[in-house]
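# An overview of the molecular structure
Residues per chain, in single letters:
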Amino acid sequence: MNSPTSSQQLTSHAEQIQALLSKIEVLVNDNNADEAPPFLDTLNAKLKQWCESSDGPSAEQLELIQLRINTILVKANSAKNESSKAIIKQKKSGKAIKAYKAAN
């Protein structure tokens, strides 16, 4: 029976994490970030598992993962802010219409 080598396990961990990050990024880009929590939970578990394994990630790998996570978070926060602005604008417009109708 063939057991995976250390480099194969490393590649597997890295590939799984990159795949999860890609799924999360797609959800954020498609304004479906509300669907990301299960993927975030899985990402957290996989990262923890990898870090606790005998062939854990290097500092450089962790920095690259953190950079990608930060990039996704910036996109998510930007989309959230734009959404909030749109909701506020819509509420203000609704109030203005009601006030106009009440005055006439």
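Higher on the page you've got the structure.
Residues numbered from 1 in each chain as written. Predicted model: local features only at pLDDT ≥ 70, side-chain atom pairs only at ≥ 80, totals over all residues. Heavy atoms only, no water.

## Side note on the pattern of salt bridges
We apply this condition: Salt bridge criterion: a side-chain nitrogen from Lys or Arg within 4 Å of a carboxyl oxygen from Asp or Glu. Under the scheme used here, helices are H or I runs from DSSP no shorter than 4 residues and strands are E runs no shorter than 2 residues, and both carry numbers assigned from the N terminus. Whether a residue is buried, partly exposed or exposed follows from its accessible area with a 1.4 Å probe, protein chains only, as a fraction of its type maximum: under 20%, in between, or over 50%, in that order.
Applying the stated criterion to the full structure yields three salt bridges. Of the charged contacts in the structure, one is a salt bridge between Glu25 and Arg68, with a shortest N-O distance of 3.1 Å. Residue Glu25 is located in helix α1 (residues 6-29), and its partner Arg68 is located in helix α3 (residues 59-103); the two are separated by 43 residues in the primary sequence. Owing to a relative accessible area of 18%, Glu25 belongs among the buried residues under this scheme. Residue Glu25 is joined to Lys75 by a salt bridge in which the shortest nitrogen-to-oxygen separation is 3.0 Å. Of the two residues, Glu25 is situated in helix α1 and Lys75 in helix α3; the sequence distance between them amounts to 50 residues. One salt-bridge network, in which partners are shared between bridges, spans Glu25, Arg68 and Lys75.

## Points about unusual backbone geometry
Note: most peptide bonds trans; most residues except glycine with negative phi. A positive phi angle is found at Asn31, which is not glycine, with a value near 60°. Here Asn31 lies in the loop between α1 and α2 (37-52).

## Some remarks on the packing of α2 against α3
Formally: Between the N-to-C directions of two axes lies an angle of 0 to 180 degrees, each axis being a line fitted to C-alpha atoms and, for a helix, fitted only over the stretch in contact. These descriptions rest on fixed angle ranges, namely under 35 degrees for roughly parallel, over 145 for roughly antiparallel, 65 to 115 for roughly perpendicular, and the rest for oblique. Throughout, a residue-residue contact means that at least one pair of heavy atoms, one from each residue, lies within 4.5 Å.
With their axes 13 Å apart at the nearest point, α2 and α3 run at an angle of 170° to one another. Classified by the interaxial angle, the pair formed by α2 and α3 is roughly antiparallel. For the pair formed by α2 and α3, the contact residues are Leu43, Leu47, Trp50 and Cys51 on the first element and Gln61, Leu62, Ile65 and Ile69 on the second.

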